[in-house]
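# Structure assessment
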Amino acid sequence: MRIRSRWLTWAAAGLAVGLSKLLFATCRKVYIGVNDTIKLNHVPGPEEHERYVLCVWHDALLVPTFAAPRGLRQQTCCLVSQHQDGSYLANAMALLGYCTVRGSSRRGGAQAVRQLLDDTAGKHIVFTPDGPGGPRRKLKAGAVYVASQLGRRIVPGAYSATRAWRPKGSWTDMLIPAPFSKVYVALGEPIAIPADLPRDQLDLYIDLVQQAMDRLNDEIERIASGESPVILETSIRSAA
């Protein structure tokens, strides 16, 4: 059933945010990165000018959304689709302090890209590069194109938990950490994308980012299952 009332959409988003905050408050969050500044619990100071394009697979979006501290959320813009589910997500993001741009490869994509290029100075940009309709964990061109146009590096992200639910959706499942589980929040080595990348080289960098995402996700799944030790720098801290 679709909720067409704007107020009911906000109420649903508020309820979802409140319940998710309670859930994540029970979890022990382990932040992993290549250094202290490439971690999702790092809030850039005024002397730090570089901003990134962060790639998050659609099925793991819940974790970084709530694991990031508020100071970082206020410096982050998220690309959200224009369909009804996107409205819930955009409202939830606004309640958490993120800014959003509405659009996807299916609807409003060109306008959304223009807004990302024009209106995101001083903000990180988050992409779910396999959304809004899959295929699951298959990188599309948008994140690479925007990173090239803005002269930004792409940071791959991976997320897992020692115990979690994965309710099935139409084309993907959603990672929901179980209460009191340990949640792993990992960012990989930033990937430099050449400025004004020619179209005939776009696929090369899409494959490069895809491989980085796959490697990091495989590693974080092994860490969460206890099969592999944490090899990157870690810190454990609750998000504000």
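Scroll up to find the structure.
None of these values were measured; they are calculated from a predicted model. (Residues numbered from 1 in each chain as written. Predicted model: local features only at pLDDT ≥ 70, side-chain atom pairs only at ≥ 80, totals over all residues. Heavy atoms only, no water.)

For the protein, the helix and strand inventory stands at seven helices and eleven strands. For the protein, the residues scored as buried account for 48% of the 240 residues in total. Sequence-distant contacts, at least 24 apart, represent 75% of the contacts inside the protein between residues at least 6 apart. A total of about 11,800 Å² of accessible surface is found on the protein, and carbon and sulfur atoms cover 54% of it. (Helix = DSSP H or I, 4+ residues; strand = E, 2+ residues; numbered from the N terminus. Buried < 20%, exposed > 50% of the residue type's maximum accessible area, 1.4 Å probe, protein only. Contact = heavy atoms within 4.5 Å. Areas by Shrake-Rupley, 256 points an atom, 1.4 Å probe, with all protein chains shown as cover.)

The next subject is the layout of surface pockets. A volume near 370 Å³ is recorded for the second largest pocket. In terms of lining residues, the second largest pocket is bounded by 25 residues, among which Leu40, Tyr52, Leu72, His124 and Leu187 are the most central. Mapped onto the lining of the second largest pocket, the elements with two or more residues apiece are helix 2 (62-67), strand 3 (76-80) and strand 5 (124-127). (1 Å grid on protein atoms, 1.4 Å probe; cavity = no way out; pocket = protein on both sides within 12 Å on 5 of 7 lines; lining within 4 Å. Points joined across faces, edges and corners; volume = space filled by probe spheres on them.)

Next up on the list: a nonpolar patch on the surface. Together, Trp7, Trp10 and Leu95 make up an exposed nonpolar region whose accessible area comes to about 340 Å². In this fold, Trp7 is placed in helix 1 (residues 6-25). (Patch = residues over 30% accessible without salt bridge, like charges linked within 9 Å, V, L, I, M, F, W, Y side chains within 5 Å. Salt bridge = Lys/Arg side-chain N within 4 Å of Asp/Glu carboxyl O.)

As a further point, take the state of the cysteines. Evaluation of the coordinates by the stated rule reveals zero disulfides. Considering cysteine sulfurs only, Cys99 is the nearest to Cys77, which forms no disulfide, with 3.2 Å between them. Given a relative accessible area of 2%, Cys77 falls into the buried group. The partly exposed category is assigned to Cys99, whose relative accessible area is 26%. (Disulfide = S-S within 2.5 Å.)

On inspection of all chains with the given rule, the structure shows one aromatic pair. The interplanar angle of 15 degrees and the centroid separation of 5.6 Å between the aromatic rings of Phe24 and Phe66 together place this pair among those described as stacked. Here Phe24 is found in helix 1, whereas its partner Phe66 is found in helix 2, with 42 residues between them in sequence. Across the pair, Phe66 and Phe24 agree in class, each one buried. (Phe/Tyr/Trp six-rings, centres within 6.5 Å; stacked < 30°, edge-to-face > 60°.)

Leu40, Leu54, Val63, Tyr159, Val185 and Leu187 are the most contacted members of the largest nonpolar core, which totals 33 residues. The set of elements that each furnish at least two residues to this core consists of helix 1, helix 2, strand 3, helix 4 (84-96), strand 6 (153-161) and strand 9 (182-187). The residues touching Val185, leaving out its near neighbours within four places in the chain, are Val30, Tyr31, Ile32, Leu40, Val63, Ala67, Ala158 and Tyr159. Ranked by size, the runner-up nonpolar core spans 24 residues in total, among them Cys55, Cys77, Ala112 and Ala147. (Core = buried A, V, L, I, M, F, W, Y, C linked by side-chain atoms within 4.5 Å.)

A separate point is the pattern of salt bridges. Under the defined criterion, the tally for this structure stands at ten salt bridges. Its salt-bridge partner being Asp59, residue Arg137 comes within 3.3 Å of it at the nearest N-O pair. With Arg137 in the loop between strand 5 and helix 6 (142-150) and Asp59 in the loop between strand 2 (53-55) and helix 2, this pair connects stretches of sequence that are 78 residues apart. Here Arg137 matches Asp59 in class, with each residue buried. A cluster of three or more residues bridged by salt bridges with shared partners is formed by Asp59, Arg136, Arg137, Arg166, Lys168, Asp173 and Glu221.

Let us now look at the environment of Leu96. With respect to the helices, strands and loops of the structure, Leu96 is situated in helix 4. Looking at Leu96, the relative accessible area reads 2%, which means it is buried. Considered as a pair, Leu96 and Arg70 are 26 residues apart in the sequence and their alpha carbons are 7.3 Å apart. For Leu96, the residues in contact, after removing those within four places along its chain, are Val17, Lys21, Thr65, Phe66, Arg70 and Arg73.

Cis geometry marks the peptide bond from Gly134 to Pro135; its omega dihedral reads 0 degrees. Turning to its location among the elements, Pro135 is positioned in the loop between strand 5 and helix 6. Notably, Arg137 is not glycine yet its phi reads approximately 55 degrees, a positive angle. Of the residues examined, Arg137 reaches a relative accessible area of 17% and is grouped as buried. At Phe180, a position not held by glycine, the phi torsion is positive, near 65 degrees. As for its placement among the helices and strands, Phe180 is situated in the loop between strand 8 (176-177) and strand 9. On the basis of relative accessible area, Phe180 is assigned to the exposed category, the value being 64%.

The analysis is restricted to geometry; functional conclusions fall outside its scope.
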